[in-house]
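Coordinate analysis (summary)
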Amino acid sequence: HMSNTHEWCSPGFAPHIHQLQGLPVEEFAYSMDRMRRGEAFQVLRVDDLPAEAQREKLEFRSAGIQSLINVPIMAKGDMIGFLGFEAVHTRIAWSDDDIRLLRMIGEILANALASRSAEAQLEASLREKEVLLREIHHRVKNNLQVIHSLLYLQSDAIRDRVDPLALDAFRQSQGRIKSMATIHDRLYRDNDLANIDFDDYLHALIPDLVRLYDGRARIAAEIRTHGSRLGIDAAIPCGLVVNELVTNSLTHAFPDAPPGRIEIGLARTADNRFELMVADDGIGFPPGEDWRNRRGLGLQLVSDLAAQLAAEVSFEAGTGTRFRILFGGQ
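Here's what I pulled together on the structure shown here.

Scoring rules and cut-offs
Residues numbered from 1 in each chain as written. Predicted model: local features only at pLDDT ≥ 70, side-chain atom pairs only at ≥ 80, totals over all residues. Heavy atoms only, no water. Salt bridge = Lys/Arg side-chain N within 4 Å of Asp/Glu carboxyl O. Buried < 20%, exposed > 50% of the residue type's maximum accessible area, 1.4 Å probe, protein only. Helix = DSSP H or I, 4+ residues; strand = E, 2+ residues; numbered from the N terminus. Contact = heavy atoms within 4.5 Å.

Close approach of charged atoms lets side chains of opposite charge pair. The tally for this structure, following the rule as stated, stands at 19 salt bridges. A salt bridge links Glu222 to Arg224, with the nearest nitrogen and oxygen atoms 3.3 Å apart. Judged by relative accessible area, Arg224 falls into the partly exposed class, the value being 34%. Between Arg224 and Glu263 there is a salt bridge; the shortest N-O distance is 2.5 Å. Within this pair, whereas Arg224 is found in strand 5 (residues 219-224), its partner Glu263 is found in strand 7 (residues 260-268), the two being separated by 39 residues in sequence.

Here it is as structure tokens:
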């Protein structure tokens, strides 16, 4: 079917566009066959049309047309429409220059329509990929939560056997799994699939860690991130660094069960990098001890993850501990 989309009439002439809607193409085979081959269809005198153009002749006569010219709009060798001029009161013979001008306008329209179609296809493709990516994040999160639940059940069995070292290993693994699962959960829920709101992420992660290690609720956690967003390539190692350092503080910084405080912060620096800070007011490290040489998987992971971020790590000991990790902006 074909429909007239735009019409211009000389002053004093009634519009004809409403009569040219949803017309079956096969009924206009005579003119359509020529235009499909890329030819201009010019009629100097409607009454001179041959018998095989009977449908066209009837349509033109009913509109009061004396002469007309239709030039096809071609896209990749196919006709997608046409431009037409119709003379009503007098007969007109259009020149070759007129036809060339119409062809040029047709090419401009074809390019514009092709561009719009390509943009629509690209938007549809992006929407499909977005749905797929969300589904991937959702499934990864669900699988990680299954592992987290299995570790929780296994830790319950170990607790019954009173094996504190094994129980702590299971707890740390739970925390690491939770850290990664929370990132995928936030990406699944967020409109931005490439970057994560790290403030939102930490407010979901840290309370769970505190509950896991601090059954008597004696340690307070303060989060200050100022709405920072991280790309997923930085968010996962950064989230694991926070998990390891907070877990280390919860496990070792407050052995005598006094009230304590842990700070977690992420902010932009003057040179547009990120500075991650994790601090506590616990007992601190023994004097002169290098944190990198301390036994234990947690701080070894911090060092490895900082290298993955190409980060600079600084450590302050005294009353409590303070880690600062400086890494590039996203």
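The subject of this paragraph is unusual backbone geometry. The phi dihedral of Lys76 is positive, around 55 degrees, even though this residue is not glycine. Among the structural elements, Lys76 can be located in the loop between strand 2 (67-75) and strand 3 (78-87).

Taken residue by residue, helix 1 (residues 29-36) has Tyr30, Ser31, Met32 and Met35 as its buried positions. In the core, the buried residues of helix 1 are packed alongside strand 1 (41-43), helix 2 (54-62), strand 2 and strand 3. Phi turns positive, to about 90 degrees, at Gly38, one or two residues after helix 1.

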